[in-house]
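A structural walkthrough
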There are 2 protein chains.
Amino acid sequence: MTAEPFVVVGGDAAGLSAASKCKREAPDREVVVFEKGPWVSYAHCGTPYFVKGEIDALTDLLSLSPDEVDERGIDLRREHEVTGIDTSERTVAVRDADGDRRDQPYGDLLVATGGHALTAPVDGTGLPGVFSLHGMDDAAAIRAALEPAGEATVESLGGGDFLDPGVLEPYADWAPPETVAIVGGGYVGVEMAEAFTAHGLDVHLFQRGEHVLGPFGEAVGERVDAELRDRGVTLHLGETVERLVGDERVERLECAGGTALDVDLALVGVGVRPNVGLVADTPVELGDSGAVAVDDYGRTSVDGVYAAGDCAEARHAVTGAFDWVPLGLTANRAGRAIGQTVAGDPKPTGDIAGTAVVKAFDQEAGRTGLVDRERCEAAGFDPVSETVTDSSRSSYYPGAAETVVTLTADRETGRLLGGTVVGTDRAAVRIDTVATALEGDMTVAEVENLDLAYAPPFSPVWDPVLTAAKVLHGSLDD
Amino acid sequence: MTAEPFVVVGGDAAGLSAASKCKREAPDREVVVFEKGPWVSYAHCGTPYFVKGEIDALTDLLSLSPDEVDERGIDLRREHEVTGIDTSERTVAVRDADGDRRDQPYGDLLVATGGHALTAPVDGTGLPGVFSLHGMDDAAAIRAALEPAGEATVESLGGGDFLDPGVLEPYADWAPPETVAIVGGGYVGVEMAEAFTAHGLDVHLFQRGEHVLGPFGEAVGERVDAELRDRGVTLHLGETVERLVGDERVERLECAGGTALDVDLALVGVGVRPNVGLVADTPVELGDSGAVAVDDYGRTSVDGVYAAGDCAEARHAVTGAFDWVPLGLTANRAGRAIGQTVAGDPKPTGDIAGTAVVKAFDQEAGRTGLVDRERCEAAGFDPVSETVTDSSRSSYYPGAAETVVTLTADRETGRLLGGTVVGTDRAAVRIDTVATALEGDMTVAEVENLDLAYAPPFSPVWDPVLTAAKVLHGSLDD
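Rules used throughout
Residues numbered from 1 in each chain as written. Chains lettered and ligands numbered in written order. Predicted model: local features only at pLDDT ≥ 70, side-chain atom pairs only at ≥ 80, totals over all residues. Heavy atoms only, no water. Helix = DSSP H or I, 4+ residues; strand = E, 2+ residues; numbered from the N terminus. Buried < 20%, exposed > 50% of the residue type's maximum accessible area, 1.4 Å probe, protein only. Contact = heavy atoms within 4.5 Å. Lys, Arg positive; Asp, Glu negative; His and termini not counted. Charge placed at Lys NZ, Arg CZ, Asp CG, Glu CD. Axes fitted to C-alpha atoms, helices over the stretch in contact; angles between N-to-C directions. Parallel < 35°, antiparallel > 145°, perpendicular 65-115°, else oblique. Left-handed = near helix turned anticlockwise from the far one by under 90°. Salt bridge = Lys/Arg side-chain N within 4 Å of Asp/Glu carboxyl O. UniProt positions renumbered as here; feature names shortened; annotations may be inferred. Buried area = accessible area lost by both parts, 1.4 Å probe. Nonpolar A, V, L, I, M, F, W, Y, C, P; charged D, E, K, R; others polar. Least-squares fit on C-alpha atoms with pLDDT ≥ 70 in both. Domains from an automatic or database assignment. Polar contact = N/O pair within 3.5 Å; in protein donor to acceptor, adjacent residues only side chain to side chain. Expected span 1.5 Å × (residues − 1). Pairing = 2+ DSSP bridges. Phe/Tyr/Trp six-rings, centres within 6.5 Å; stacked < 30°, edge-to-face > 60°.

1. Description of the overall build of chain A
If you tally the helices and strands in chain A, you get 11 helices and 25 strands. Overall, the C-alpha framework of chain A stretches about 65 × 55 × 40 Å when taken along its three principal axes. Out of the 478 residues in chain A, the part that is buried amounts to 60%. Looking at chain A alone, contacts between residues at least 24 apart form 62% of all its contacts between residues at least 6 apart. Of the side-chain charges in chain A, 37 are positive and 83 negative, and the distance between the mean point of each set is 4 Å.

2. Brief notes about the packing of helix 1 (residues 13-25) of chain B against helix 7 (residues 328-342) of chain B
Residues and elements named next belong to chain B. Taken N-terminus to C-terminus, the directions of helix 1 and helix 7 make an angle of 30 degrees; their axes are 7 Å apart at the nearest point. Accordingly, the angle class assigned to the pair helix 1 and helix 7 is roughly parallel. In the crossing of helix 1 with helix 7, the sense of the turn from one axis to the other is right-handed. Facing A13, A14, S17, A18, K21, C22 and R24 of helix 1, the residues of helix 7 in contact are A331, N332, G335, R336, G339, Q340 and V342.

3. Things to note about the pattern of salt bridges
Charged atoms that come close allow side chains of opposite charge to pair. Tallied over the entire structure, the rule returns 56 salt bridges over all chains. With its nearest N and O atoms 2.8 Å apart, the salt bridge here joins A:R373 to A:E377. Of the two residues, A:R373 and A:E377 are both situated in helix 8 (residues 373-378); the distance of four residues between them amounts to about one turn of the helix. Among the salt bridges present, the one from B:E194 reaches B:K359, with a minimum N-O distance of 2.6 Å. Of this pair, B:E194 sits in helix 5 (residues 187-198) while B:K359 is found in strand 21 (residues 356-360), placing the two residues 165 residues apart along the sequence. For B:K359, a relative accessible area of 15% corresponds to the buried category.

4. Regarding the UniProt feature "domain: Pyridine nucleotide-disulphide oxidoreductase dimerisation" (unreviewed entry) in chain A
In the UniProt entry, the feature "domain: Pyridine nucleotide-disulphide oxidoreductase dimerisation" (unreviewed entry) is given for residues 358-460 of chain A. End C-alpha atoms of residues 358-460 of chain A are separated by 24 Å, and the span's content is 23% helix alongside 35% strand.

5. Here's the deal with the interface of chain B and chain A
With 59 residues of chain B at the interface, the matching set in chain A holds 59 residues. For the chain B and chain A pair, buried surface summed over both sides reaches about 5,200 Å², with 64% attributable to carbon and sulfur atoms. Considering only the surface of chain B that becomes buried against chain A, B:L329, B:Y396 and B:D451 emerge as the three largest contributors, covering 15% of it. At the boundary of chain B and chain A, one finds six salt bridges. If one sorts the elements of the side of chain B that touches chain A by residue count, helix 9 (residues 427-439) of chain B sits on top with 10 residues. Broken down by class, the residue content of the side of chain B that touches chain A amounts to 31 nonpolar, 12 polar and 16 charged.

6. Examining the relation of the copies chain B and chain A
Rotating chain B by 180 degrees about the axis while translating it 0.0 Å along that axis superimposes it on chain A, leaving an RMSD of 0.0 Å. In symmetry terms, the pair is related by a two-fold rotation axis. A shared binding surface is used by both copies, with 100% of the interface residues of chain B retained as interface residues in chain A.

7. What about the domain arrangement of chain A?
Quite often, the size of an interface is put as the accessible area lost when its parts meet. Residues and elements named next belong to chain A. Segmentation of chain A into domains returns domain 1 (6-38 + 78-116 + 273-342), domain 2 (130-270) and domain 3 (362-477). Spacing between the C-alpha centres of domain 1 and domain 3 amounts to 35 Å. On the domain 3 side, the residues contacting the five residues of domain 1 number 10 residues. The junction of domain 1 with domain 3 conceals about 520 Å² of combined surface from both sides, 60% of it contributed by carbon and sulfur atoms. Counting the surface domain 1 buries against domain 3, the share from its top three residues, A317, V318 and T319, is 75%. Joining domain 1 to domain 3, the criterion identifies one salt bridge. Taken together, the links from domain 1 to domain 3 amount to three residue pairs in polar contact (both at pLDDT 80 or more).

8. So, helix 5 (residues 187-198) of chain A
Helical periodicity: at 3.6 residues per turn, an α-helix aligns residues three or four positions apart in one direction. Residue and element names in this part refer to chain A. For helix 5, spanning 12 residues, the distance from its first C-alpha to its last is 17 Å, which sits close to the expected 16 Å at 1.5 Å a residue. Looking at helix 5, one finds that the buried residues are G189, V190, E191, M192, A193, E194, A195 and F196. With its phi angle positive at about 75 degrees, G200 sits one or two positions after the end of helix 5.

9. With respect to the sheet that holds strand 14 (residues 250-255) of chain B
All names here are of chain B. The sheet built from three strands is open, its strands ordered 13-14-15 with antiparallel pairing. Here the strands that pair on one side only, and so sit at the sheet edges, are strand 13 (241-246) and strand 15 (260-262). Ignoring strand direction, the axes of neighbouring strands in this sheet form an average angle of 20 degrees. For strand 14 and strand 15, the ladder comprises three bridges, and the chain directions are antiparallel. Residue E254 lies in a different strand from strand 15, and its bridge partner there is A260.

10. Describing the packing of aromatic side chains
Both the distance between ring centres and the angle between the ring planes are used here to describe each pair of aromatic rings. All names here are of chain B. Evaluation of the coordinates by the stated rule reveals 10 aromatic pairs over all chains. For the pair F131 and Y171, a centre-to-centre distance of 5.9 Å together with 35 degrees between the ring planes defines the contact as tilted. Residue F131 is located in strand 9 (residues 130-131), and its partner Y171 is located in the loop between helix 4 (136-146) and strand 10 (179-183); the two are separated by 40 residues in the primary sequence. Judged by centre distance (5.9 Å) and plane angle (80 degrees), the ring pair of Y187 and F216 falls under edge-to-face. With Y187 in helix 5 and F216 in the loop between strand 11 (202-207) and helix 6 (217-230), this residue pair connects regions lying 29 residues apart in the sequence. Given a relative accessible area of 1%, F216 falls into the buried group.

Here is the structure:
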């Protein structure tokens, strides 16, 4: 083999899945992965539970250690930042930890640069005591800020060889917070409300919309609002946070309408954006979403250049159009498919349905597909929705709990467009039934007739998803 | 409306679903339901949990009371046995509790006579202390036999106006058992092992095959075997029980190979058969399974005569052929569809996939579709199977438990044929993903690319079902 190397920019889910799969399928191919930080292959989605204290060590969140990556025959370069791509020469410019620069030729290139937490338009997010949660260093810093001054060490946080002690330094002489504000009621906001509450803090969550978890629709939002309140979280709904102010550290939060709160710590989770700076000066095109445009094989507009994970688009199973939904499985799956394609056996990266689940204390919430009227109409559908509240088990069986299912379908064709589920008893896993039906292009009538499992400890005779389909099918016929 | 009545034989899941739907869609239509016993609309599948003591009252298992049936405008006649059908005159012969007989004309007729527990070829099943579990009276009798002599009353068992005190009489002066034998390791056997264990009994389960839960395949069987043993149940696998012997009550169980055991009580759960005696002397045809043959609308070979529930066949989603799989959802769904059809708006009863779940102490097991080689080959497929053991949640998240998934596909087409799931953490609900994929005629490659939900508390990045599909897809390519 004299093919130029397969070069991967980014050592997390998409990047290492691609590198591993390529190396397994084409062991002679040289595979080089550049990661600008110290961490590789870490579980973003696990970080709130590390902050909560439910997971002991940061390194528990690593699915692969650098040694394991080495054992796979991958040339992994941590602390190496790729600063530019020359698509005509097929090289990337790399700067290592010492600041030395070199050009690395590639045969195929995967851009897997991920995303970053948005803080705009909130002012004052640079103040000490204001955090985002995007990556392992953020998680370590927040834990250090919660613990008594100086108690958090690389060792106590399980940082292994990866955590830079400098991340913890600001908290060596830091008074732990009593009141914390969370700005934004998305996944991160809701998960962190649980995490902060576990530390006994007075937790305030500020959300611009009427409910938390906007992308999960109203039925889920209402129930999760109630759960958060039941657990002592103070919700400030319909509030737009304008600025965080303070002298040496954050002291106060101020909203557009005049609401203000004295706080000791703030977590800003108002969104994520794709990291596309690396391709800005290249012919690699972006999609309408602002993420890198790709085809069904993860190929960008430039020959030999692929993109996957939180920096790239993917095709949506319901709309058929390319969309940007940054989620862990999407990144892993697309990376793996691209690794196989690059190894010579082309494989599609797969559709996405925007399937997501989140835990809010004891409530489990799931969503998939299109769940709001605007998005359905924009995609050319005439949406009809129904929400049912049903039992998670036979109503006479101990542990039966309310399960709320919303399904949405197109009036004319009856095609299922999306759905949500929320409840305390195995609710999250039920969204997979809806996601599978979506990807099977099923109509509501077909969903209503699915032969799902029934036994009193696990489901009523008609699973809540079937009951929702039955009711929605009835509405479509009206 | 002068149409002759819609007559239903059997007042349980299929029968009352049909009656209710017909009455709702066509309120002027006369609907008459004949039920030979005192109970209507009861949850068969809940009876093991009543015996266990987890459900207080028998009447908790009723989804509808006779009064509620009346309120729907249905003419319900309990203790009325239909003894014959004259399909040319369109009448049924009915005998009431007093032995009086009359002919009831019908416009449409639904045969929803259910099934019965098989006891053959075990000898001695008529002895006192030998039980089947098929219906509410059986459940009441077993509970009475477990309790101290004379303690069980209609009131203590929550029998309401339905339980005949005569059912409890034999146990008024009855020594409660210490050692019980369960003959048969199907659903009922496994569920009853849990129920008897909860009463502190020495429980022995005899099963002809190598593992319990044969229709769930080996991977499930092995794990449930282990669970039963861990919970103190003595398994006698590969044993064929020949007879139960005793003088005044059962005293001893004897197997073909010579194994014998002194027992105080025996539960025989070796299978169920359709109740088709009512149509034996009519032109209504039976299918190869021995159950009533129907079309996609539940119509039998005789005009105006329908069949649904445990006495009838249904079309299998994988084979496309009609098959007999007596399960609760199938009965409810087919009954409801027939009610709508009879009311003038024809609706298919829906395919079945043989989806089933069962609880065995803390293990949850599910199955759907074709899971054994013989059945796949008989249906013209070349089956390939893979079994994976994966984590139910991110491996670092508390509560993660082993989940074993087996998927089977056709080698040539890659089409998914069936699957099983077993584990302690939300395993049962995961079978619905497989069932939905089956009914969507998906290939393993499509299943591998499903956008299922991921969050650390609920699933690893690749759900165990996806991992199984990934591995199976790999095998198909070999």
